[in-house]
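One-letter residues, chain by chain:
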Amino acid sequence: IAGVATAPRWRPVLQEVAFEPTHGVLTGRLRVPCDLPIFAGHFPAMPIVPGVVQLGWVVELAQAHGLAAGPLAGIASAKFRRILQPGVELQVRLQPG
């Protein structure tokens with residue numbers, strides 16, 4: 001994927017991304033790097049990815065693939081189903097609401 005090697009160190013590693021233009025659905029697989037700088041302060045004994053960082057990833061993915069435009073104005077709802085820790089791989093599915 002273009003640009004992954006130069007992405008800021010606070011982003012996850014994108015392993016695959018698929019976009020269905022007709023339905024506006026984005027799916028992908030991400031891996032949370034073990035060396036994210038955020039882990040130093042959140043929490044050193046049991047590092048987790050803060051929810052606000054996860055939301056940032058979602059917004060950036062949506063904007064990069066045309067599912068969202070402009071700055072984030074608000075979030076109607078969000079549900080974190082599991083704690084994201086270093087090295088975790090996850091599936092992502094974004095679709096317009």
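Refer to the structure printed above.
The structure displayed is predicted, hence computed values, not measured ones.

Peer 1: Hey, could you run me through the sheet that holds strand S1 (residues 13–20) in this one?
Peer 2: What holds strands together in a sheet is hydrogen bonding between their backbones, with the strands either parallel or antiparallel. If you walk across this open sheet you meet the three strands as S1-S2-S3, and the pairing is antiparallel. Sheet topology places S1 and strand S3 (89–94) at the edges, where each strand pairs with a single neighbour. Along the sheet, successive strands turn relative to each other by an average axial angle of 15°, direction set aside. With six bridges connecting them, strand S2 (residues 25–31) and S3 associate as antiparallel partners. In the strand pairing of S3, Arg29 is matched with Gln91. Packing against the sheet, helix H1 (residues 51–64) makes contact with S1, S2 and S3, and its axis sits at approximately 50° to S3.

Peer 1: Is there a simple way to explain unusual backbone geometry in this structure?
Peer 2: Working note: non-glycine residues mostly have negative phi, and peptide bonds are mostly trans. Cis geometry marks the peptide bond from His42 to Phe43, where omega comes out at -5°. Tracing the backbone through its elements, the reader meets Phe43 in the loop between S2 and H1.

Peer 1: So what exactly am I meant to see when it comes to the environment of Val49 here?
Peer 2: Structurally, Val49 is set in the loop between S2 and H1. Distance in space between the C-alpha atoms of Val49 and Gln85 is 6.1 Å, their sequence separation being 36 residues. Every residue in contact with Val49, bar those within four places of it in the chain, is listed here: Val32, Leu36, Phe39, Gln54, Trp57 and Leu84.

Peer 1: Looking at this structure, how should I read the pairing of S2?
Peer 2: One face of the sheet, then the other: side chains in a regular strand alternate in exactly this way. Bridge analysis of S1 against S2 gives seven bridges, and the strand direction is antiparallel. For Val13, the partnering residue across the bridge sits in S2 and is Arg31. The turn linking S1 back onto S2 is made up of four residues, and Gly24 within it adopts a positive phi angle of 65°.

Peer 1: Honestly, the environment of Val32 in this entry has me stumped. Any pointers?
Peer 2: Along the chain, Val32 turns up in the loop between S2 and H1. Taking relative accessible area as the criterion, Val32 reaches 0% and is therefore assigned buried. Counting along the chain gives 57 residues from Val32 to Glu89, while the straight-line C-alpha distance between them is 6.4 Å.

Cut-offs used in this document
- Residues numbered from 1 in each chain as written.
- Predicted model: local features only at pLDDT ≥ 70, side-chain atom pairs only at ≥ 80, totals over all residues.
- Heavy atoms only, no water.
- Pairing = 2+ DSSP bridges.
- Helix = DSSP H or I, 4+ residues; strand = E, 2+ residues; numbered from the N terminus.
- Axes fitted to C-alpha atoms, helices over the stretch in contact; angles between N-to-C directions.
- Contact = heavy atoms within 4.5 Å.
- Buried < 20%, exposed > 50% of the residue type's maximum accessible area, 1.4 Å probe, protein only.

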